[in-house]
Structure formats: C-alpha cells, structure tokens
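# Structural characterization, general
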Amino acid sequence: MKRRIGNSPRSRPNRALGSRSVKWISVQVELIEGHGEHYWPRPGRIFAAADHHSFAQLASAIDDAFARWDRSHLHEFELSDGTRIGMTDPEWDAEESVVDERILKISRLKPGEQFVYVFDFGDDWSHLCTAGKSPINPLETVGIIPDKPLPYFGWGAIPDQYGRTWSADDGEAQLPPDPELADLPPLRSGWGPRRRLGG
C-alpha cells in the first residue's frame, strides 16, 4: 500500500486543488535591508500560495519565516503599480490609505511581478518579492496542500528583528563566554558539566 502525502481526499484543500479556479504560485521573498543593515548574500524563502490567499496571510507567512516574534509593528506591501496594501485605519487621510490586506487576494499578482514588503516602518525590514511565472502544484512542490502561504525552500541566516544575538543582549552588554555545552542539562552526549578525570 502506498503512503499518501498531504490531506485526505475528503478534506477541503484537496477539493480546492481539483477545482480549475484555484491556482497556486510560488513567491520568492528576499531580505534586502533592515535595522540599518544591507544584507549580502540576501537571505530568502520561497512560498507556495493559492490565488484565494490574502495579502494578510502572505504577510503573516513572511513574518513567520523571517523570525518576527514581535508583531506589534505596522507592515505594508507596495506593488509595481504603486498600490499599497496593508492594515487599514479609518482615521488615516485618503492620501495615506492602503488597500485592506485582509480583502485583497494573491490573484491580484501578475506572473513574474516584483513588489516590496516592509515590516516595521522604524527598522524598515524591506523585502523584494517576486511572483512565479508559472503555476505550481503544491502536492508536487511542497508535499501537502497548505491552508495558508507556506515556505518550502530557503537559504541564508535570518537576523533577529532587534539585532539581538543572545537573550540578555541590550546592545551594550559584552558577549558572555561560551560555556561549551557545560551549562546544558545532560540530555545528549557531550551536554552538561564535564567530569574531572581522577576526581
């Protein structure tokens, strides 16, 4: 008996894949700059996304994949034609208004279109996004039919959104000395305090 990968045939996502109206594309996202730094080589991730997924879902997937743990910041997409997509606020002026990211769908993208995603307007984490030129089959590409945009390939080290390199890093403290695994519980070989020979 062959093992099936993905959802069961009775699940909603499989029916969605079988529907001719649902198209899946890849979206390549590269981190260009942020927190005052330019990145080269640029870390990146490639996502599978369906045309019915919203830009809000894509933003959440990007933030997950790029290790954004503090989501209390604004974010925004800007398409090649200048359309701005993000979180809406009725108190903003008309000139500052953006298209509601929860409503606008990925189907808005053209094959090969490039656009920008910015997270945290203060630290300005800026990403170049590129829509795939050809449709993809998520079962073949990802191995499952995800219910939201999902990364399936990537490269590069993802920087911490505040530039921290250890838990108590406040930007001024010195890097603590490497305990060389001696501070860990002895749950694996080589972890935990070293035994002294002849002790």
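Residues numbered from 1 in each chain as written. Predicted model: local features only at pLDDT ≥ 70, side-chain atom pairs only at ≥ 80, totals over all residues. Heavy atoms only, no water.

## A short note on the overall build of the protein
Within the protein, the regular secondary structure consists of three helices and nine strands. N-terminal to C-terminal, the α/β element order of the protein is α-β-β-β-α-β-β-β-β-β-α-β. Looking at the 199 residues of the protein, the share that counts as buried comes to 35%. Restricting the contact set of the protein to residue pairs at least 6 apart, pairs at least 24 apart contribute 61%. Carbon and sulfur atoms make up 52% of the accessible area of the protein, which totals about 13,200 Å². (Helix = DSSP H or I, 4+ residues; strand = E, 2+ residues; numbered from the N terminus. Buried < 20%, exposed > 50% of the residue type's maximum accessible area, 1.4 Å probe, protein only. Contact = heavy atoms within 4.5 Å. Areas by Shrake-Rupley, 256 points an atom, 1.4 Å probe, with all protein chains shown as cover.)

## Some points on the environment of Asp123
When you line up the elements, Asp123 lands in the loop between strand E7 (114-119) and strand E8 (125-131). C-alpha separation for the pair Asp123 and Gln161, spaced 38 residues apart in sequence, amounts to 8.2 Å.

## Brief notes about the side chain of Asp123
Among buried Asp, Glu, Lys and Arg side chains, Asp123 stands out as unpaired, with Arg68 the closest opposite charge at 8.8 Å. Residues within four places of Asp123 in sequence aside, it is in contact with Gly34, His35, Gly36, Gln161 and Tyr162. (Lys, Arg positive; Asp, Glu negative; His and termini not counted. Salt bridge = Lys/Arg side-chain N within 4 Å of Asp/Glu carboxyl O.)

## Describing a nonpolar patch on the surface
On the surface, Leu181, Leu187 and Trp191 cluster together into a nonpolar patch covering about 310 Å² of accessible area. Along the polypeptide, Leu181 turns up in the segment after strand E9 (150-155). (Patch = residues over 30% accessible without salt bridge, like charges linked within 9 Å, V, L, I, M, F, W, Y side chains within 5 Å.)

## Focus on unusual backbone geometry
The omega angle of the peptide bond from Trp40 to Pro41 is -10 degrees, so this bond is cis rather than trans. Tracing the backbone shows Pro41 in the loop between strand E2 (37-38) and strand E3 (44-50). The backbone of Ala67 sits at a positive phi, close to 60 degrees, despite the residue not being glycine. You can call Ala67 partly exposed: its relative accessible area is 38%.

## As for the packing of aromatic side chains
In the structure shown here, the tally under the stated rule is seven aromatic pairs. Ring geometry for Phe153 and Trp155: centres 5.9 Å apart, planes at 50 degrees, overall tilted. In textbook terms, an aromatic cluster arises when at least three aromatic residues are bridged by ring pairs, as seen for Phe55, Phe77, Phe115 and Tyr117. (Phe/Tyr/Trp six-rings, centres within 6.5 Å; stacked < 30°, edge-to-face > 60°.)

## Quick word on the pairing of E3
E3 sits mainly inside the fold: seven of its seven residues count as buried. Burial along E3 is two-sided: Gly44, Ile46, Ala48 and Ala50 and Arg45, Phe47 and Ala49, pointing in opposite directions, are all buried. Inspection of the sheet shows strand E1 (residues 24-34) paired to E3 by seven bridges, in the antiparallel sense. Within E3, the position partnered with Trp24 by the bridge is Ala50. (Pairing = 2+ DSSP bridges.)

## Some remarks on the environment of His73
Topologically, His73 is positioned in the loop between helix H2 (55-65) and strand E4 (75-78). For the pair formed by His73 and Phe121, sequence separation is 48 residues and the distance between their alpha carbons is 7.5 Å. In contact with His73, other than residues within four places in its own chain, are Met87, Phe119, Asp120, Gln161 and Tyr162. Side chain to side chain, His73 and Tyr162 meet in a polar contact 2.7 Å long. (Polar contact = N/O pair within 3.5 Å; in protein donor to acceptor, adjacent residues only side chain to side chain.)

## Some thoughts on H2
Within H2, eight of the 11 residues are buried, which leaves the element mostly enclosed by the surrounding structure. Downstream of H2 by one or two residues, Ala67 has phi in the positive range, about 60 degrees.

Read these as layout, nothing more, since geometry by itself doesn't imply function.
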